[in-house]
Structure formats: structure tokens, C-alpha cells
Amino acid sequence: ACTGIENIDEAITLLEQNNWDLVAAINGVIPQENGILQSEYGVETLHGPAYGPTSHSAAASSTPSSSSAFRHVVPSRQIVERQPRMLDFRVEYRDRNVDVVLEDSSTVGDIKHILENELQIPASKMLLKGWKTGDVDDSTVLKSLHLPKNNSLYVLTPDLPPPSSSHSGALQESLNQNFMLIVTHREVQREYNLNFSGSSTIQEVKRNVYDLTSIPVRHQLWEGWPSSATDDSMTLAASGLTFPCHRLTVGRRSSPVQTREQSEEQCTDVHMVSDSDGDDFEDATEFGVDDGEMFGVASSALRKSPMMPENAENEADALLQFTAEFSSRYGDCHPVYFIGSLEAAFQEAFYGKARDRKLLAIYLHHDESVLTNVFCSQMLCAESIVSYLSQNFITWAWDMTKEANRARFLTMCTRHFGSVVAQTIRTQKTDQFPLFLIIMGKRSSNEVLNVIQGNTTVDELMMRLMAAMEIFSAQQQEDIKDEDEREARENVKREQDEAYRISLEADRAKREAQEREMAEQFRLEQIRKEQEEEREAIRLSLEQSLPPEPKEESTESVSKLRIRTPSGEFFERRFLASSKLQVVFDFVASKGYPWEEYKLLGTFPRRDVTQLDPNKSLLEVKLYPQETLFLEAKE
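Residues numbered from 1 in each chain as written. Predicted model: local features only at pLDDT ≥ 70, side-chain atom pairs only at ≥ 80, totals over all residues. Heavy atoms only, no water.

**A short note on the overall build of the protein chain**
Summing up its helical and strand segments, the protein chain has 16 helices and 19 strands in all. Residues classed as buried in the protein chain amount to 38% of the 635 residues present. Here the analysis covers contacts within the protein chain between residues at least 6 apart in sequence; of these, 63% occur between residues at least 24 apart. Taken as a whole, the protein chain presents about 37,300 Å² of accessible surface, with 49% of it coming from carbon and sulfur. (Helix = DSSP H or I, 4+ residues; strand = E, 2+ residues; numbered from the N terminus. Buried < 20%, exposed > 50% of the residue type's maximum accessible area, 1.4 Å probe, protein only. Contact = heavy atoms within 4.5 Å. Areas by Shrake-Rupley, 256 points an atom, 1.4 Å probe, with all protein chains shown as cover.)

**Quick word on the packing of aromatic side chains**
Aromatic rings considered in pairs are described by the distance between their centres and by the relative angle of their planes. Under the criterion given, the structure shown has 21 aromatic pairs. Ring geometry for Phe89 versus Trp131: centroids 6.2 Å apart, planes at 65°, classification edge-to-face. Of the two residues, Phe89 sits in strand β1 (residues 86-93) while Trp131 sits in the loop between β3 (127-129) and β4 (150-156), which places them 42 residues apart along the sequence. Given the relative accessible area of 2%, Phe89 is considered buried. Taking the centre distance of 6.4 Å and the plane angle of 20° together, the rings of Trp396 and Phe409 count as stacked. One end of the pair, Trp396, is in strand β12 (residues 393-399); the other, Phe409, is in helix α13 (residues 403-417), with 13 residues separating them in the sequence. The buried category is assigned to Trp396, whose relative accessible area is 0%. Through successive ring pairs, a cluster of aromatic residues spans Phe322, Phe326, Tyr330, Tyr337, Tyr363, Phe375 and Phe436. Against the face of Phe570 rests Arg562, its NZ or CZ located 3.9 Å from the ring centre. (Phe/Tyr/Trp six-rings, centres within 6.5 Å; stacked < 30°, edge-to-face > 60°. Lys NZ or Arg CZ within 6 Å of the ring centre and 35° of its normal.)

**Considerations on the pairing of strand β2 (residues 96-103)**
Here β1 pairs with β2 via eight bridges, running antiparallel. Opposite Arg90, over in β2, you have Asp99 as the bridge partner. What sits between β1 and β2 in their antiparallel hairpin is a turn of two residues, with Arg94 showing a positive phi close to 55°. (Pairing = 2+ DSSP bridges.)

**Focus on the sheet that holds strand β18 (residues 607-608)**
The strands making up a sheet are joined through hydrogen bonds of the backbone, oriented either antiparallel or parallel. Across the sheet, five strands lie side by side as β16-β15-β19-β17-β18; this open sheet has mixed pairing. Two strands lie at the open edges of the sheet, namely β16 (570-576) and β18, each paired on one side alone. With two bridges joining them, strand β17 (residues 598-602) and β18 adopt antiparallel strand pairing. Note on β18: the bridge partner recorded for Gly602 is Arg607. In the packing of helix α16 (residues 581-590) onto the sheet, the strands contacted are β15 (558-564), β16, β17 and β19 (626-633), and the crossing angle to β16 comes to about 150°. (Axes fitted to C-alpha atoms, helices over the stretch in contact; angles between N-to-C directions.)

**Quick notes on the side chain of His416**
Its place among the elements puts His416 in helix α13. A polar contact of 3.0 Å, which involves the side chain of His416, links it to the side chain of Glu343. (Polar contact = N/O pair within 3.5 Å; in protein donor to acceptor, adjacent residues only side chain to side chain.)

**Quick word on the sheet that holds strand β6 (residues 190-197)**
With mixed pairing, the four strands of this open sheet are ordered in space as β6-β5-β8-β7. Unpaired on one side and paired on the other, β6 and β7 (220-223) mark the two borders of the sheet. When the angles between neighbouring strand axes are averaged without regard to direction, this sheet yields 30°. Two strands pair when backbone bridges link them, and strand β5 (residues 178-185) and strand β8 (residues 245-252) are joined in this way by six bridges, in the parallel orientation. In the sheet register, His185 faces β8, and the bridge partner there is Val250. Those strands touched by helix α6 (residues 202-213) are β5, β6, β7 and β8, and its axis lies near 145° from that of β6.

**Focus: the pattern of salt bridges**
This model, assessed by the stated rule, comprises 27 salt bridges. For Arg90, the salt bridge identified is with Asp99, shortest N-O distance 2.4 Å. The shortest N-O distance in the salt bridge between Glu498 and Arg501 comes to 2.4 Å. Residue Glu498 and its partner Arg501 are located together in helix α15 (residues 458-545), separated by three residues, close to a single helical turn. Given the relative accessible area of 34%, Glu498 is considered partly exposed. Classification of Arg501 as partly exposed rests on a relative accessible area of 40%. Salt bridges sharing common partners tie together Glu325, Arg329 and Asp367. (Salt bridge = Lys/Arg side-chain N within 4 Å of Asp/Glu carboxyl O.)

**Some words on a nonpolar patch on the surface**
Side chains of Ile8, Ile12 and Trp20 sit close together on the surface and give an oily, nonpolar patch of about 330 Å² of accessible area. Tracing the backbone shows Trp20 in the loop between α1 (8-17) and α2 (22-29). Residue classification places Trp20 among the exposed positions, given a relative accessible area of 54%. (Patch = residues over 30% accessible without salt bridge, like charges linked within 9 Å, V, L, I, M, F, W, Y side chains within 5 Å.)

**Notes on the packing of α15 against α16**
Where α15 meets α16, the closest approach of the two axes is 8 Å, and the angle between their N-to-C directions is 135°. Our classification of the angle between α15 and α16 gives oblique. Note on packing geometry: the crossing formed by α15 with α16 is left-handed. Contact residues: Arg539, Leu542 and Glu543 in α15; Asp586, Ala589 and Ser590 in α16. Here the residues of the contact of α15 with α16 are counted per class, giving two nonpolar, one polar and three charged. (Parallel < 35°, antiparallel > 145°, perpendicular 65-115°, else oblique. Left-handed = near helix turned anticlockwise from the far one by under 90°. Nonpolar A, V, L, I, M, F, W, Y, C, P; charged D, E, K, R; others polar.)

**Describing the nonpolar core**
Counting 59 residues, the largest nonpolar core has Leu360 and Trp396 as its most contacted members. Broken down by element, the residue count for this core peaks at seven residues, all from α15. (Core = buried A, V, L, I, M, F, W, Y, C linked by side-chain atoms within 4.5 Å.)

**Observations regarding helix α9 (residues 315-330)**
An ideal rise of 1.5 Å per residue puts 22 Å on 16 residues; α9 measures up with 22 Å between its terminal C-alpha atoms. Inspection of α9 places Glu315, Ala318, Leu319, Phe322, Thr323, Glu325, Phe326, Ser327, Arg329 and Tyr330 among the buried residues, and these make up the whole buried set. Note on α9: the residue one or two positions beyond its end, Gly331, has a positive phi of about 100°. (Expected span 1.5 Å × (residues − 1).)

**Some remarks on the environment of Ser369**
Relative to the helices and strands, Ser369 resides in the loop between β11 (359-365) and α11 (372-380). It is 9.1 Å that separates the C-alpha atoms of Ser369 and Asp211, two residues lying 158 residues apart in sequence. From its side chain, Ser369 meets the backbone nitrogen of Leu371 in a polar contact 3.3 Å long. A polar atom in the side chain of Ser369 sits 2.6 Å from the backbone oxygen of Phe433.

**Re the confidence of the model for the protein chain**
In this model, the protein chain carries an average pLDDT of 79, and 81% of its residues clear a pLDDT of 70 or more. The low-confidence segment residues 32-81 (pLDDT under 50) makes 95 contacts with residues lying over four places distant or belonging to another chain. Between residues 256-303, whose pLDDT stays under 50, and residues either more than four places distant or in other chains, the model counts 49 contacts. (pLDDT = per-residue confidence, 0-100.)

**Digging into the environment of Asp459**
Structurally, Asp459 can be placed in helix α15. Classification of Asp459 by relative accessible area gives exposed; the value is 52%. For the pair formed by Asp459 and Asn195, sequence separation is 264 residues and the distance between their alpha carbons is 9.3 Å.

So, in C-alpha cells, the structure goes:
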């Protein structure tokens, strides 16, 4: 694949010349890999046959070498300047991988210097392993090692102590834990109970608090953070929070009256902070900036893309955009939304076999609700919720932000759930969104088990999902029992039908066999009758053709023959001694014993008369004056 050599003998020869070093053999036949100089009109080798994927390649060295299979070439006219060859190294150190790209003119020491900056390990403490050749030191030029383009190495540090496993294990355990943050909004004296995973950052907490309190991150004044929480990019597990519950207080930072220059300076500072933190400029009017444009950026550019296009004709396309936008906002860990119409979701959830049926969860999104971001990021994206939904629910989503999409869903809701449920959703205020509808399919209708509003917690959401699942499981068990009984009845009916069909088949086969047997008997009987009639006609014809039997007082010589049949009967007749033997054969045949089927045997001596010449007279065959013969069936 690398060299284009398809001749096995040629490949084996190259490997033998390189002491079966595969890398050296490949480098030897690929010019750009081994730095072979090509002239304007071709390549001239010192001596020996040429090998390689093209007509012009380097010749094999007469002396085997593990480093290269080819000698340097001598250009015939004009030497093309050689381009530097780049080598890729993947270096592994404990649980880290570092990618290094260098020219082949660099040394092993250059790799160590790059790793020293990446791994924060002194180059003198490193042992760089994984080289294909033996002696390699810091001054070794990479080009002399004849390396392939991609290489894998690893670093050993025997002089350095291993990292503390207990500390890293505790940190990893903290990252998997959930922290309950009790945040008190100082101005309105209201508490929020927020659940965050240990891998969440302080910055994410502050942004979620902004969604609840409308206090921009740059204006938030906090109390209660540990002294070790010095960086907003720090995870909660590493910040020193009290587990499992920690209290915090947040308020709006007050700003004194400033001069125009100070205000402009503050605008610049705020712009820098907001740009670095990624916050929206929600309070730009405080700095005297118009709503339509702030710091030269149009406000439309700062808004998020809609979750779903307005007046979407195809529900599947709308849900594809919804899923993509949801992933871009809240990450890839979220429920798997069913792509298709609401009717298709019903079909998938309710109309399969009873064991395969699931509950239908309908998520109704609203971008203008203050609870949406927290509900999506903390509830819907929680691993426990995502896992539980994927196992037990078909999840379908719709965006209620646009009025046209809202009206369209209410129409679908009225058609599938009735006007009462549609009216319940219609009366929900914006701040009560998002909504989570739990639907269970029944024989005659679809029942809404629960309507969950956005102001809930992960535990409460999980409890309500589990409660709905208990109701569904009880109904599902009844449906499974009914389905099993129905299938059992159908199986019995199918078995009876199959037995009846087999019985009919057997009767029909028996009847057909009898009819075939009767037809065969009739045919054989017809043949037998025809044969008998034919034999009888022949017998009568022979009987009529026989000469009359001579009288006893005849003056001519008369031969008297007595013939015994296989059944033991005898019949006698007189023949003229001058009559031919054929007349005797015709007489016997007229009695029903054709000579083709029977032998006429003499007694003393025993002989087969039918073997004699039928044209000879009875006198000539010595059947005169009398003879006793007997008939015997031929084999």
C-alpha cells in the first residue's frame, strides 16, 4: 500500500537487504521519504537493480544495512533542491498525549525542549523511548534515523516521584458529585435552590443566577464564596465549596455618580470584561448606549438563533433545527428528541407491542421565560434525567416562543388531547414555561398524566417522572397480560387452523393416491384385456391354420404326441409323421402356450424341442410314432 510493489519476490528481496526492518525497507523505496535527489531527466544509481513503485528509483545497496536499503544517487544533469521533510510525533506521558511536529534536520534534544515546555518536566529528567534503532542521544539528528512520517514515543521519568493518586481520586469523585447551592437574592429576599455538578464552573453558576435575578454577571456582588475560589473558570469541585450544601448571597453592585469621562472609561472597562467573560450587554442603556446598537455591534447579532423556524411547514425539519440549536446552547448531553410529527411520535410510543410501548414526554420550550436556561441546563441536561428519559420515554419537543408555532401546537393539542388540555396550556403564563407534558396512551384515547412547570428541581422532576412511570407500568402490565392472552388464543386458533389444513391436505393426498391407484389398476386391466384379446386372436388364428387331425386308421404314418402343461394337465393329438415341427408349435400355441414364452421338452432323452429346426418333420426330429412332451415356462 505504501510503495506500490505487488511482486512478492521483489518485496522479500528488499526486506532481506534491510535485515527484515520493515520501516527501513519502506523508506528505501519511497524517494520523498528518504530524500533521494531526482534529476531533471531521471535518477542515476551507482550500481545494482532498481526497485520501487516507479521506473526511476534508488538502487539497492550491495551491502545490507538496517538504516537504508539504497545508496545516494548521482544526479545526471540538474539537482532539484530538496524540500525539508516534516515528521509527526505522538508522545505519551502518563495520562497525557503531546503532538510534536519537527523537520527531519532537528535533533532528539529539540523534541525534549518542546516537551519540557508542555509537560513542565526538566529535559535532563526525561528518558525518551520508542525509537526503532538502538543508540539515540540528544545530539542525534532525526534524518539519520530514517523515520517514517508518523511516530509514537513515550517519556519515562524514573527520577521523579509519581503523582498523588489519592488527591486526584478525591478530585475525580468530587467532579461526579452534585452540589446544592442555596443562593439568596439580597434585594428581594428570595432564595433559589440550585443543583450543579462538581464539573460546573463558577462562571456557569453566575450566568444561571443572571437568568433568575436579571443581574448581569459584571454587576453581581457575591458573599460566601470560599477564599480558594479566585477564578471564575474554576470548577465547583476544586473551589472548596461545602458538600453537599453551600449558602451564597448575591446582590447588585452599586455604582456612584460619575463624570462623563469616568462613565466612558467604565463603558470601555465593562466592554472588556464582558467580552472576556462572554456576557450579553443586557444593561447597555445604563452606559448611554442605544438599544439598537452597542459598541458598534448590532443588537440582532447578539441575540440567539431561534429554536424553531416560524411557520415551519415540515415538523421533522423544525425539530432537526430545534435539536441542533439545543445542542449548541446546552451541550450534547440532552434528551434524544424524536424527529418527526406528533402523530409519528404517538405511533412510536403507543402503537407497538405492549412490552415495547413507552410514555410520551412533550417538552414545550419558551425563550422569553426566565426559567428556560436553568431548566434546560440543570434539569433536562442532567445525566440522570437524560438516562431515565431515554430508557422509558419517547421525547418530543416544540418551541412556543413564536405565536404562529404556539397556535399550531394548540391546534394539535386540541385534536389529540381535547380542548381541556389545550385550554390548560393556553392559560400558562410565559414565566411558567418551559412545560413538560407526560402522555400515556390508552385503548381509546391519550391521557395527560402530568404537566410539569419550569420552576422545579432535578429531584422533583425525577420523582414526578418516576410517579408517571409507576402508573404507566401498572397499565402496561395489564396490557401485556391482555396481549399475551390474545396471542395465546390466536396461537391456539392458528394451531387448530393449521391442524385442520394439514388434515385436509392429508385427506386430499389420500384421495388423490386412491384415484391414481384406481386409474393405474384400470390402465393395467385394460392392457391385460388387450393382451388377452390379442393372444386369443392369435390363438384362434393358429387354431384355424392347423391341418386337420389325421384319423387312427389313416394309411399314412401318424405320430401321437402327449403334452403335459405346467399345471399338470395333459392334452393329446395326432400328427402326420411328415408334418413339420412348426405345426406342433402352432398347436401348443393355440392352447395358450406360445413358444416364445414356453419351452417344449422331451423326456428320454431330455432335450429342448423348441431349439430344433421347426421346418423339419416329426419323423426327422424323432417324434414318431409317439412321444410324451411337457411344457416349461422360459425364464
